[in-house]
2 protein chains.
Amino acid sequence: MNIAILGTGNWGTVLGKVFTTRGHRVHFGSRTPEQKQEWAAAIGPSVRVSTYQQAAAFAEIVIVATPWPDNGTVDALRAIGSLPDKILVDATNALRADYSPLRFEQANSGAEEIARLHPEARVVKAFNTVSGHTLANDGLRFGETTITGFYCGDDAQAKQVVGALVQETGLSALDAGPLKNAHHLESMGQLLIYLAFSRGLGADSGFAFLHHPAA
Amino acid sequence: MNIAILGTGNWGTVLGKVFTTRGHRVHFGSRTPEQKQEWAAAIGPSVRVSTYQQAAAFAEIVIVATPWPDNGTVDALRAIGSLPDKILVDATNALRADYSPLRFEQANSGAEEIARLHPEARVVKAFNTVSGHTLANDGLRFGETTITGFYCGDDAQAKQVVGALVQETGLSALDAGPLKNAHHLESMGQLLIYLAFSRGLGADSGFAFLHHPAA
């Protein structure tokens, strides 16, 4: 698939590398693409970096992996223009520079804010509960158990595509319901950051949802 | 220990049974204790049921396991009176009758609302991310992995006591930080309810936080 990743931070870079190794074409979007040509080439031979708009136009799936402070995410979302019916994956955690959660006037989560800004796109929340270290290690293994890749959204077909992509990265993909459940996934993203970094348990970590078959 | 459980619902009943089998004395608090004497005797020979206030006065640890609709939780919290320095464990999920989350004017989570109503007590959030089925089965086993019992609070000594109690039930106890992180645990409680019941994955399920040792 042709995948755009908006943002060139460490976490998005890992995600791009993982997709490249799975045979996808990855195109990063950046505020300053001219400064990042060498950086992109180092990730993989088919990796490109261009403006947010060019990257989004190239892709079937656009993944938002920008920081929210300094309008990073909002500016990127404005720059890409209208994306009718395109799949827009919110992989962000809507945090301030001090890691405290952002609150939105008209939405209960970052993903719902993105859906409000892009009502023409099909928004799916995914990947935000997973550390870069876990992504870089095929979803991590703990005995028989793999870290869960939770995703949610309101468009069934878009969720199916994103769920398959999540599973491909090595995570155990789990449909976590409608887009309003993004609030819960964003809470888990914040808790992961707390446990891994503030509490010092490390990024070699994550959440698994475990269940035996329903009776 | 002497443990009070406020509320006589199915989930609290399971918790009481687990504590009883671990050798603790359990005293339930109820709005209508006179109607519940036989019910209490069936749980275990040392189990008692009385008013909220009597149960709280008896115990070293008071566990809130009441429903929030119809002022269930707020009435119980009023009825127990002042509990200076006592450990007050919020095991609830602050939901409306239709399972949508309650919002508080002056608090970001049910646990913080409880701390606001009982500033003299030492409030710890615990158990709310765990189904009754998991509690009834020693924390469940999935190969080497056990469901995590997340807890959080602002009083280190109270957290230590509650953490030991969580671990005793068979869960893998994990200190999830300050009381403001109760917001995240309550989100996880809501997601568990969604996955287990709305999505139908079943109550034989739960979240595990997995981590390899930090480098």
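Predicted, not measured: the structure shown is a model, and the values here were computed from it. One numbering rule holds for all chains: residues counted from 1, following each sequence as written. The naming scheme follows written order: chains are lettered A onward, ligands numbered 1 onward. The model is predicted, so local features are restricted to residues of pLDDT at least 70 and side-chain atom pairs to those at 80 or more, both for listing and for counting; the totals for chains, interfaces and linings are taken over all residues. Side-chain numbers here rest on the full set of heavy atoms in the structure, without hydrogens or water.

Draft legend 1. Quick peek at the interface of chain B and chain A. For this analysis, residues touch if any pair of their heavy atoms sits within 4.5 Å. The interface of chain B with chain A comprises 38 residues on the first partner and 38 residues on the second. Buried area between chain B and chain A, both sides added, is near 3300 Å², and the carbon and sulfur share of it is 66%. Reported buried area values correspond to the accessible surface (1.4 Å probe) lost by two parts on association, with both partners' losses combined. Its largest share of buried area at the contact with chain A, chain B owes to Phe209, Leu210 and His212 of chain B, together 19% of the area lost on that side. Here a polar contact is taken to be a pair of N or O atoms separated by no more than 3.5 Å, where protein atoms must pair a possible hydrogen donor with a possible acceptor and residues adjacent in sequence count only if both atoms sit in side chains. Linking chain B to chain A there are 12 residue pairs in polar contact (both at pLDDT 80 or more). The way it works is that DSSP assigns letters per residue, a run of H or I at least four long becomes a helix, a run of E at least two long becomes a strand, and they are numbered from the N terminus. Contributing elements (two or more residues each) for the side of chain B that touches chain A: β7 (141–142), β10 (172–175), α8 (182–198) and β11 (205–211) of chain B. Broken down by element, the side of chain B that touches chain A gets its largest block of residues, 10 residues, from α8 of chain B. For the side of chain B that touches chain A, the residue count by class is 19 nonpolar, 14 polar and five charged. By the convention used here, strands pair only if DSSP detects at least 2 bridges between them. Sheet topology note: the strand β11 (residues 205–211) of chain A/β11 of chain B ladder contains seven bridges and is antiparallel. Bridged to histidine 211 of chain A within β11 of chain B is serine 205 of chain B. Three residue categories are used. Nonpolar comprises Ala, Val, Leu, Ile, Met, Phe, Trp, Tyr, Cys and Pro, charged comprises Asp, Glu, Lys and Arg, and polar comprises the others, including Gly.

Draft legend 2. Main features of the packing of aromatic side chains. Two aromatic rings from Phe, Tyr or Trp, using only the six-membered ring of Trp, form a pair when their centres are within 6.5 Å; if the ring planes differ by under 30 degrees the pair is stacked, by over 60 it is edge-to-face, and anything between is tilted. A full pass over the atoms with the stated rule returns 10 aromatic pairs over all chains. Judged by centre distance (5.3 Å) and plane angle (65°), the ring pair of phenylalanine 207 of chain A and phenylalanine 209 of chain B falls under edge-to-face. A residue pair is termed interchain when its members come from two chains, as with phenylalanine 207 of chain A in strand β11 and phenylalanine 209 of chain B in strand β11. In textbook terms, an aromatic cluster arises when at least three aromatic residues are bridged by ring pairs, as seen for Phe150 and Phe209 of chain A together with Phe207 of chain B.

Draft legend 3. Here's a closer look at the sheet that holds strand β1 (residues 2–6) of chain B. Residue and element names in this part refer to chain B. Ordered in space as β3-β2-β1-β4-β5-β6-β9-β10, the eight strands form an open sheet in which the pairing is mixed. In this open sheet, the two edge strands, each paired with only one partner strand, are β3 (48–51) and β10. Recorded for the sheet is a direction-independent mean angle of 25° between the axes of neighbouring strands. Only the contacting stretch of a helix is used when fitting its axis, a line to C-alpha atoms as for every element, and angles between N-to-C directions run 0 to 180 degrees.

Draft legend 4. Region of the structure containing the relation of the copies chain B and chain A. The least-squares superposition of copies is restricted to C-alpha atoms, and to residues with a pLDDT of at least 70 in both copies. Aligned on chain A, chain B shows an RMSD of 0.0 Å; the corresponding rotation is 180° and the shift along the axis is 0.0 Å. Here the symmetry operator amounts to a two-fold rotation axis. Considering only C-alpha atoms, the residue of chain B closest to the rotation axis is alanine 208 of chain B, which sits at 2.6 Å. By residue overlap, the copies meet face to face through one surface: 100% of the interface positions of chain B are interface positions in chain A.

Draft legend 5. Region of the structure containing the nonpolar core. What is meant by a nonpolar core is a set of buried Ala, Val, Leu, Ile, Met, Phe, Trp, Tyr and Cys residues, joined one to another through side-chain atoms within 4.5 Å. Only protein chains enter the accessibility calculation, which uses a 1.4 Å probe; a residue whose area is less than 20% of its type maximum is buried, one above 50% is exposed, and one in between is partly exposed. Of all hydrophobic cores here, the largest spans 73 residues; its most connected members are Leu88, Phe150 and Phe207 of chain A together with Leu88, Phe150, Leu195 and Phe207 of chain B. For this core, the leading source of residues is α8 of chain B, giving seven residues. By size, the runner-up hydrophobic cluster in this structure holds 64 residues, among which are Leu15 and Ile87 of chain A together with Ala40 and Ile63 of chain B.

Draft legend 6. Here's a closer look at the sheet that holds strand β6 (residues 122–126) of chain A. Residues and elements named next belong to chain A. Spatially, the eight strands line up as an open sheet ordered β3-β2-β1-β4-β5-β6-β9-β10, and their pairing is mixed. At either margin of the open sheet sits one strand with a lone partner, and together these are β3 (48–50) and β10 (172–175). When the angles between neighbouring strand axes are averaged without regard to direction, this sheet yields 25°. Across four bridges, the pairing between strand β4 (residues 61–64) and strand β5 (residues 87–90) is parallel. By the bridge assignment for β5, isoleucine 61 is matched with isoleucine 87. Its contacts with the sheet place helix α7 (residues 156–168) against β1 (2–6), β4, β5, β6, β9 (148–153) and β10, and it is angled at close to 30° to β6.

Draft legend 7. Seen up close, the pattern of salt bridges. Residue and element names in this part refer to chain A. In the sections that follow, a salt bridge refers to a side-chain nitrogen of Lys or Arg positioned within 4 Å of a carboxyl oxygen of Asp or Glu. What the rule picks out here adds up to 16 salt bridges over all chains. Aspartate 138 is the salt-bridge partner of arginine 22, the closest N and O atoms lying 3.0 Å from each other. Of this pair, arginine 22 sits in the loop between α1 (10–21) and β2 (25–29) while aspartate 138 sits in the loop between α6 (132–136) and β7 (141–142), and the two are 116 residues apart along the sequence. Since its relative accessible area comes to 41%, aspartate 138 is described here as partly exposed. In this structure, aspartate 155 engages arginine 122 in a salt bridge whose closest nitrogen and oxygen atoms are separated by 3.2 Å. Highlighted residues: aspartate 155 in the loop between β9 and α7 and arginine 122 in strand β6, separated in sequence by 33 residues. A relative accessible area of 24% means that aspartate 155 is categorised as partly exposed.

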